[in-house]
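Residue-level listing of the chains:
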Amino acid sequence: MTETTTPATVRLTVGQALVRFLSVQYSERDGVEQRLFAGAFGIFGHGNVAGVGQALLQNQVDPAPGEEPLRFYQARNEQNMVHTAVGYARTANRLQTFACTASIGPGSTNMLTGAALATIDRIPVLLLPSDNFATRAPDPVLQQLENEQTPEASVNDAFRPVSRFFDRIHRPEQLMSSALAAMRVLTDPAETGAVTICLPQDVQAEAYDWPEEFFRRRVWHVARPVPEPAALERAAEVVRGARRPVLVAGGGVIYSEASEALTAFADATGIPVVDTQAGKGAISWEHPSAAGGVGSTGNSAANALAAEADVVIGVGTRYTDFTTASRTAFRNPDVRFVNLNVKAFDAAKHAAEMVVTDARTGLAALRAALDGYRVAESYSREVTERVAEWARVTDECYHRGHGPLPAQTEVFGALNELLGDEDILINAAGSMPGDLQALWRARTPVQYHLEYGYSCMGYEIPAAMGAKLARPGSEVVAIVGDGSYQMAPQEIATIVAEGLKVVLVVLQNHGWSSIGSLSESHGSQRFATKYRMRSPETGMLDGDKLPVDLAANIRSYGVEVLEPGSIAEFRDAYATAAGRDATTAIVIETDLYGPNPPSSNWWDVPVSEVSRLESTQQAREEYERAKRDQRPYL
Ligand SMILES: Cc1ncc(C[n+]2csc(CCOP(=O)(O)OP(=O)(O)O)c2C)c(N)n1
Ligand SMILES: [Mg+2]
């Protein structure tokens, strides 16, 4: 008879066990290990202050042997803290992230937008919303949603559709399998996104005898799946027959650190590379194959190549409507798609010859399989000419000398010249992403950080903090529209508290240039897209400009603000900001009406089919004309 030994256990609360577990998780790729959690963000309330909050305190002031400190950051708004975690994880190429703890009710539901953003952008974040008592003893507790048909439902169930993994810990022992499953999802490039573990407030504080084994140091290997040989051969076969191929580089190329592989692929085949918002910088803009942004806000060169492509090779792209110009960008009736993606769901899009693979591994394998294939000289010449044509447009946009207020494209031109190769530009919403997609000359894969999966106003400032924490040696510059600024300025306080240095460039145009011009071109006359006082005469929001002073607002956080009145002054201001050790903001007035880069593609935004307004009727006619080019079956 063999003697059974009871495993060694340690008595901890669920909160303490979770913190201790998280503190010893590592990720590894290509032989490099790093802590999976760089720390924890949180805002405390009755739902987590005495449970997870106590555990985080204990971790900081008196960690158990083998437990590692998990630095705690106090955020100002729960949505922002998730965006900070996303900014960090994205900058770390998804190898590291943060845990985010929130109190029950509004603290937790404030994280919903961040969860959706992370899941859509495929960026790992661990969310720990607090939840109603598992025992239900004091129900209904403050902030509890009472659901009389389904008493076990809570507001946190809203996280289900926006999470890649969702669980609720009713009993302490459930934490073990749940935490392990959560780590697997966070570190799986195909599955990653928001991972949500709801923690009832009583369970957080409940003690349990945990096997020591649960707390051993664990390394999660981030996979580089290799392509199935038959799938690779099918893909290579299609590409070999191509006369006008185009490669669409998406965010997956950057997260996989596949820039060298992509450049080698382009060198070997001569295939032009166009990019998406997440993929810009995957290849340097100076490479002879680099044709820049494709799609609705793409440039004329990339879009002309896309329009006539006979084979489109999508690597690490989700093919959003902006990339495909709402399924009008690829106009060759016989166009075929070959997709390399770590996620089968994306690889299969557009009826593609699909190759499920890591981008770096897949690009190297496809290059080898295409040995000897090269596009014709005449095609390469055409690429060079089209790219040179767009370079002239970019130069014009960068140096317009527009007045009396500068065009925002001139601010981008100045920043493009002033930023170092390893510096990071952050943006997410407004008219800026489109202009940047068309104009930004990215020299490295780190430079261009555009959140355009969720395009969430207010992402910029918290994400800048996250990016700075991930790459302290880089200058991090957030470009923030005045509308986006007013959506979420609060995290400036956290940036100040942490002594972090970022540069905030606020473009003040007193409203929404983006939605304003969309409204106008779609027959809605810029209705309610400017920030104006309600006018006593018209009863509409078309009175005087508001007296809101954004510079003063930023100064109130203890941040120095520069207010250049011209592009020359902006350059000086940037030099000053770059030279300082502390966070600096530059607020510059820009022209609400552009001019923006010339557009060469469409975006499907439906216009009212019937209307009493002539502007709407005209826009509807145009909409119906454009809609005819759409190929929804692709
Ligand atoms: C959270 C959120 N709400 C609404 C929108 C829709 N939206 C997109 S751009 C925009 C206006 C952005 O204004 P601003 O930041 O000033 O940029 P500008 O358009 O002036 O360049 C709005 C309301 C959004 N993207 N995100
Ligand atoms: Mg604006």
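On a predicted model such as this, the values are computed, not experimentally measured, just so you know. (Residues numbered from 1 in each chain as written. Chains lettered and ligands numbered in written order. Predicted model: local features only at pLDDT ≥ 70, side-chain atom pairs only at ≥ 80, totals over all residues. Heavy atoms only, no water.)

So, the site of ligand 1
Then, in step 1: Taken together, 16 residues sit near ligand 1, with Ser431, Asp482, Gly483, Ser484 and Ser514 positioned nearest.
Then, in step 2: With respect to ligand 1, the backbone of Met457 contributes an N or O atom lying 3.3 Å from a nitrogen atom.
Then, in step 3: Within the side chain of Ser514, a nitrogen or oxygen atom sits 2.6 Å from an oxygen atom of ligand 1.
Then, in step 4: Across the complex, the protein chains shield 78% of the 590 Å² of accessible surface that ligand 1 would expose by itself. (Near = heavy atom within 4 Å. Polar contact = N/O pair within 3.5 Å; in protein donor to acceptor, adjacent residues only side chain to side chain. Areas by Shrake-Rupley, 256 points an atom, 1.4 Å probe, with all protein chains shown as cover.)

A word on the sheet that holds strand β6 (residues 97-102)
Then, in step 1: Taken together, 6 strands build an open sheet; the order of strands is β5-β4-β6-β7-β9-β8 and the sheet is parallel. Each of the sheet's edge strands pairs with one partner strand only, and the pair in question is β5 (72-74) and β8 (165-168). Taken over all neighbouring pairs, the strand axes of this sheet differ in orientation by 20° on average, direction set aside.
Then, in step 2: Here β6 pairs with strand β7 (residues 125-131) via 4 bridges, running parallel. Across the sheet, residue Thr101 finds its bridge partner in β7, namely Leu128.
Then, in step 3: Packing against the sheet, helix α3 (residues 78-91) makes contact with β4 (37-43), β6 and β7, and its axis sits at approximately 170° to β6. (Pairing = 2+ DSSP bridges. Helix = DSSP H or I, 4+ residues; strand = E, 2+ residues; numbered from the N terminus. Axes fitted to C-alpha atoms, helices over the stretch in contact; angles between N-to-C directions. Contact = heavy atoms within 4.5 Å.)

Things to note about helix α24 (residues 614-627)
Residues separated by three or four positions in an α-helix point in the same direction, a consequence of the helix having 3.6 residues per turn.
Then, in step 1: In a regular helix each residue adds 1.5 Å, so 14 residues correspond to 20 Å; α24 covers 20 Å between its end C-alpha atoms and thus fits that length.
Then, in step 2: Of the positions making up α24, those classed as buried are Thr616, Ala619, Arg620, Tyr623 and Ala626. The buried residues of α24 occupy one face: seen down the axis, they fall within an arc of 125°. The exposed set on the far side of α24, more than 90 degrees from its buried face, consists of Glu614 and Glu621.
Then, in step 3: Against the buried residues of α24 lie α21 (513-521). (Expected span 1.5 Å × (residues − 1). Buried < 20%, exposed > 50% of the residue type's maximum accessible area, 1.4 Å probe, protein only. Arc of directions from axis to C-beta.)

A closer look at the coordination of the magnesium ion (ligand 2)
Then, in step 1: Here the magnesium ion (ligand 2) is held by Asp482 (OD), Asn509 (OD1) and Gly511 (O), and the distances to it run 2.0 to 2.1 Å.
Then, in step 2: Along the chain, the residues donating to the magnesium ion (ligand 2) are arranged with the sequence spacing D-x26-N-x1-G. Taken together, the residues Asp482 in helix α19 (residues 482-487) and Gly511 in the loop between β21 (503-508) and α21 connect sequence positions 29 residues apart. Each member of the pair, Asp482 as well as Gly511, carries the same accessibility label: buried. (Donors = N, O, S within 2.8 Å, 3.2 Å for Na, K, Ca; no water.)

Quick word on the sheet that holds strand β14 (residues 290-293)
Then, in step 1: Within the open sheet, the 6 strands sit side by side as β14-β13-β12-β15-β16-β17. Their pairing is parallel. Because the sheet does not close on itself, it has two edges, and the strands there are β14 and β17 (353-356). Neighbouring strand axes in the sheet, compared pairwise and without regard to direction, differ in orientation by 20° on average.
Then, in step 2: Both strand β15 (residues 311-315) and strand β16 (residues 336-341) contribute to a ladder of 5 bridges, which runs parallel. Bridged to Val312 within β16 is Phe337.

Quick notes on the packing of aromatic side chains
Then, in step 1: Under the counting rule described, the total for this entry stands at 15 aromatic pairs.
Then, in step 2: Consider the rings of Tyr88 and Phe98, whose centres lie 4.9 Å apart with planes at 80°: the pair is edge-to-face. Taken as a pair, Tyr88 in helix α3 and Phe98 in strand β6 lie far apart in primary sequence, 10 residues in all.
Then, in step 3: Measuring from ring centre to ring centre gives 5.8 Å for Trp210 and Phe214, while their planes differ by 20°; the resulting arrangement is stacked. As far as burial versus exposure is concerned, Trp210 and Phe214 are alike and both buried.
Then, in step 4: The ring of Tyr26 has Arg217 lying over it, and the distance from NZ or CZ to the ring centre is 3.9 Å.
Then, in step 5: It is Lys280 that lies over the ring of Tyr448; its NZ or CZ is 5.7 Å from the centre. (Phe/Tyr/Trp six-rings, centres within 6.5 Å; stacked < 30°, edge-to-face > 60°. Lys NZ or Arg CZ within 6 Å of the ring centre and 35° of its normal.)

What to know about the packing of helix α11 (residues 300-308) against helix α15 (residues 377-398)
Then, in step 1: Relative to each other, α11 and α15 sit at 145°, their axes nearing to 8 Å. Every residue of α15 that contacts α11 at Ser300, Ala301, Ala304, Leu305 and Glu308 is listed here: Tyr379, Glu382, Val383, Arg386, Val387 and Trp390.
Then, in step 2: Its residues assigned to classes, the contact of α11 with α15 comprises 7 nonpolar, 1 polar and 3 charged. (Nonpolar A, V, L, I, M, F, W, Y, C, P; charged D, E, K, R; others polar.)

Examining the nonpolar core
Then, in step 1: Ranked by size, the top nonpolar core spans 108 residues in total, and within it Leu247 and Ile313 carry the most contacts.
Then, in step 2: With residues up to four places along the chain from it excluded, the contact list for Ile313 reads Val239, Val246, Leu247, Val248, Phe265, Ile271, Tyr319, Val338 and Leu366.
Then, in step 3: Ranked by size, the runner-up nonpolar core spans 37 residues in total, among them Ala182, Ile197, Val203 and Trp220. (Core = buried A, V, L, I, M, F, W, Y, C linked by side-chain atoms within 4.5 Å.)

Points about the environment of Ser177
Then, in step 1: The topology assignment puts Ser177 in helix α6 (residues 174-186).
Then, in step 2: For Ser177, a relative accessible area of 53% corresponds to the exposed category.
Then, in step 3: For the pair formed by Ser177 and Glu212, sequence separation is 35 residues and the distance between their alpha carbons is 14 Å.

Let's talk about the side chain of Ser130
Then, in step 1: Assignment of secondary structure puts Ser130 in strand β7.
Then, in step 2: When sequence neighbours within four positions are dropped, the list of residues in contact with Ser130 reads Gly47, Asn48, Ala102, Ser103, Ile104, Ser108, Asn156, Leu199 and Gln204.

Describing the confidence of the model for the protein
Then, in step 1: Here the protein shows a mean pLDDT of 97. Residues at 70 or above account for 99%.
Then, in step 2: Mean pLDDT across the secondary structure elements of the protein bottoms out at α21, with 92, and peaks at strand β9 (residues 194-200), with 99. (pLDDT = per-residue confidence, 0-100.)

Here we look at the pairing of strand β23 (residues 584-589)
Then, in step 1: The element β23 is extensively covered by neighbouring structure, given that 5 of its 6 residues are classed as buried.
Then, in step 2: Two elements, β21 and β23, share 6 bridges in a ladder whose sense is parallel. Its bridge partner being in β23, Val506 is matched across the sheet by Val587.
Then, in step 3: Note that strand β22 (residues 560-562) and β23 share 3 bridges and pair parallel. The residue bridging Leu562 from the neighbouring strand is Ile586, located in β23.
Then, in step 4: Crossover handedness for the path β22 to helix α23 (residues 567-579) to β23: right-handed. (Right-handed = clockwise from strand over helix to strand, strands pointing away.)

Focus on helix α8 (residues 229-240)
Then, in step 1: With 12 residues, α8 extends 16 Å from end C-alpha to end C-alpha; this agrees with the ideal 16 Å at 1.5 Å per step.
Then, in step 2: Among the residues making up α8, those that are buried are Ala231, Leu232, Ala235, Ala236, Val238 and Val239. For α8, the buried positions fall inside an angular range of 160° around the axis, keeping them on one side.

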